[in-house]
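# Understanding the architecture of this molecule
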Amino acid sequence: MSSHTLLILAGDGIGPEVMNEVRKVIDWHNDNSPLCFTIDDDLVGGAAFDVHGVPLHDDTLTRARAADAVLLGAVGAPKYDTLPFDSKPERGLLALRRELDLFANLRPALCFDALADSSSLKRDVVAGLDIMIVRELTAGMYFGEPRGIRVEADGSRTGINTHRYSTEEIRRVARSACDLARQRRGRVCSMEKANVMESGILWREEVQWVVDNEYPDIDLSHMYADAGAMELVREPRQFDVIVTDNLFGDILSDAAAMLTGSLGMLPSASLGQRSAKGLPAALYEPVHGSAPDIAGQGVANPCACVLSFAMALRYSFGCSAEATALETAVESALADGIRTPDLQQTGSGRPASTSEVGDAIIDRLQRS
Ligand code: IPM
Ligand code: MG
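Notes on the structure in this doc start here. (Residues numbered from 1 in each chain as written. Chains lettered and ligands numbered in written order. Predicted model: local features only at pLDDT ≥ 70, side-chain atom pairs only at ≥ 80, totals over all residues. Heavy atoms only, no water.)

The pairing of strands in a sheet comes from backbone hydrogen bonds and takes either a parallel or an antiparallel form. Pairing is mixed across the open sheet formed by 10 strands, whose spatial order is E2-E1-E3-E12-E11-E4-E5-E10-E8-E9. Edge positions in the sheet fall to strand E2 (35-42) and strand E9 (219-224), since each has one partner strand and no second. The sheet shows a mean angle of 25° between the axes of neighbouring strands, direction not considered. Pairing geometry for strand E8 (residues 187-192) and E9, over six bridges, is parallel. Paired with Ser190 across the bridge in E9 is His222. The strands touched by helix H9 (residues 246-259) within the sheet are strand E4 (104-110), strand E5 (130-136), E8 and strand E10 (241-244), with E5 carrying the most contacts at an inclination of about 155°. (Pairing = 2+ DSSP bridges. Helix = DSSP H or I, 4+ residues; strand = E, 2+ residues; numbered from the N terminus. Axes fitted to C-alpha atoms, helices over the stretch in contact; angles between N-to-C directions. Contact = heavy atoms within 4.5 Å.)

Here's what the structure looks like:
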């Protein structure tokens, strides 16, 4: 029996709805597998702001540090759009990433065969797609200093952000990408804009250094990020692992998500250093946002959130077999046509609700 603590931060919008389906999966494990999880719940984003006046309370951060893994739903809603920048829901998520030093963000884009026709690209371009985007998550444009909006002498304003990377910030995420590639097809493609940015030149040189000195077995290539975006939609299956910076990774992973049929399918893991206990600092969240337009209607696709928990099983707790079983259960429910509206094919009857998809996943876990 191995016992683990989870902190659930369901957040805003559809976050709590999709997280409810993950709770079913956790309960199922507690009742039916040797794994045992203890759940702690707390607030993040707008939900935290409503109660505490800040999007991430210090106590929540302390509990996040103490937990073996954090599961996050989503943050953000239109009613917070007018808040000051530092109070916005997104700042809570960014603070968590930064404070837990979650520098490697893993975003797998996997096209389940059952969904190949839901993609906006042709089936023969996406069928069998299996790429892993590794996005640097704690530096670059999102956090670089100086930043801000400066009022000039003539009253005009200048918006400033800094795209800044150090050697070690690049090397450590490059190592994460190479470690993953070793478990996969052994190829890494690094994306930057070395043709226009000095930080891109450094990025390219340091990733190359890591491979030359520490991972000579890895087949490394480099691509400018704009060309990478084009290649992702032209011939996505050419890629195995893509490693890129925080801002390019944000954009490229949304594009990759659509290849898989729906943004509602893409999970993510954000990983940091390993603790003395041997577990990495870790936060798992679906890539989709809070989707305020459909929140509260019971129609949100819970698959990305459930698949994020599968990543927790694999990357935090070393339970690959259990992770694969959960992924297979999701795929089987989808293949049987139990799908939320975002994945519905025309003429295929009534779409399933969020909780019906969750129940179908449990049903298939039970039968596995
Ligand atoms: C993501 C999101 C976040 C980001 C937002 C919600 C701050 O788009 O995780 O991709 O920009 O990183
Ligand atoms: Mg994004």
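Having seen the model, we can carry on.
Now for the pairing of E4. With six of seven residues buried, E4 is to be regarded as a mostly interior element. Here three bridges tie E4 to strand E11 (residues 269-274), and the two strands are oriented antiparallel to one another. Paired with Leu106 across the strands is Ala269, a residue of E11. (Buried < 20%, exposed > 50% of the residue type's maximum accessible area, 1.4 Å probe, protein only.)

In the neighbourhood of ligand 1, the contacting residues comprise Glu90, Arg97, Arg107, Arg135, Tyr142 and Asp250. In this structure, an oxygen atom belonging to ligand 1 sits 2.7 Å away from a side-chain N or O atom of Arg97. Contacts to ligand 1 include Asp250, whose side-chain N or O atom sits 2.8 Å from an oxygen atom. Calculation on ligand 1 without its partners gives an accessible area of 320 Å², and the protein chains cover 75% of this total. Grouping the constituent residues of the shell around ligand 1 by class yields one nonpolar, no polar and five charged. (Near = heavy atom within 4 Å. Polar contact = N/O pair within 3.5 Å; in protein donor to acceptor, adjacent residues only side chain to side chain. Areas by Shrake-Rupley, 256 points an atom, 1.4 Å probe, with all protein chains shown as cover. Nonpolar A, V, L, I, M, F, W, Y, C, P; charged D, E, K, R; others polar.)

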